[in-house]
Amino acid sequence: MFSGAQISLYPMSDDFVRIILDAVQALDPYRDRFRIEADDVSTLIVGPPEDLFPAMRDVFVRAAQSGVHCVFSATVSRGCPGEPDDPICTPISGAGNAFPLAERIETACAHVSDAPVTGQHVAAQFSLYPLGEGHHMDEIYGCIDFLKSSGVFDRSKNFCTKLGGDAGAVFATLSEAFLRFGDARGHVALDITVSANSPSKRA
């Protein structure tokens, strides 16, 4: 199943070029598993869905460790019917609603609890879009139940959910929302914004 993300990184610094170029080096360990294409708007990473979020985490944490306010934006998609299947895009077993909802929530929470600790606090908001026919609200409500048990749930907002905590747990939570909810073979998309070192938070 085709899976990938369009990502953009915005360091709020005059030194943004150096910060971005340094941060994208965090993709180096993933290059043999990904197809990566960059232009002047975003960077596309295509590959196994379970590897997308660790890669995005590593890029963002590396930028955020500069200490400047950084924002990360991503549109993540799996199963898009307009894209060809690719041998490098292979979903993990148990993705989507191939398993009962309660079992998926339990598995997702266990994976978040095992997430690596990065030492970088982040705030994030995201929206989950299980596309296609069927009872998509059951999947969204199930995802919300998972988020409230994830340990990084902050609050519900209009059109999205806010998370906060260590980048390891936050990106693991986003990954589980992407992998565990929605049709196992259907089209699922996430819209994500992550922030670190915000002056608004300090204020």
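Residues numbered from 1 in each chain as written. Predicted model: local features only at pLDDT ≥ 70, side-chain atom pairs only at ≥ 80, totals over all residues. Heavy atoms only, no water.

Novice: It is not clear to me how the overall build of the chain should be interpreted in this structure. Could you clarify?
Specialist: When helices and strands are counted, the chain shows 6 helices and 8 strands. Secondary structure elements in the chain, listed N-terminal to C-terminal, are β-α-β-β-α-β-α-β-α-β-β-α-β-α. Taken over C-alpha atoms, the radius of gyration comes to 16 Å for the chain, in line with the 17 Å a tight globule of 203 residues would show. C-alpha extents for the chain along the principal axes are approximately 50 × 40 × 30 Å. Evaluated residue by residue, the chain yields a buried proportion of 49% over its 203 residues. On the chain, roughly 9800 Å² of surface is accessible, and the fraction owed to carbon and sulfur atoms is 53%. Across the chain, 16 positive and 26 negative side-chain charges occur, with their mean positions spaced 6 Å apart. (Helix = DSSP H or I, 4+ residues; strand = E, 2+ residues; numbered from the N terminus. Rg over C-alpha atoms; globule rule 2.2 N^0.38 Å. Buried < 20%, exposed > 50% of the residue type's maximum accessible area, 1.4 Å probe, protein only. Areas by Shrake-Rupley, 256 points an atom, 1.4 Å probe, with all protein chains shown as cover. Lys, Arg positive; Asp, Glu negative; His and termini not counted. Charge placed at Lys NZ, Arg CZ, Asp CG, Glu CD.)

Novice: Is there a simple way to explain the pairing of strand 7 (residues 160-166) in this structure?
Specialist: Within a regular beta strand, the side chains point alternately toward one face of the sheet and then the other, so they alternate between its two faces. Of all 7 residues that make up strand 7, 5 are buried, and the element is covered over most of its length. Note that strand 5 (residues 121-130) and strand 7 share 6 bridges and pair antiparallel. For Q125, the partnering residue across the bridge sits in strand 7 and is K162. Here strand 6 (residues 153-157) hands over to strand 7 after 2 residues, with F159 in that stretch at a positive phi of 75°. (Pairing = 2+ DSSP bridges.)

Functional significance is not addressed by these values, which are geometric in nature.
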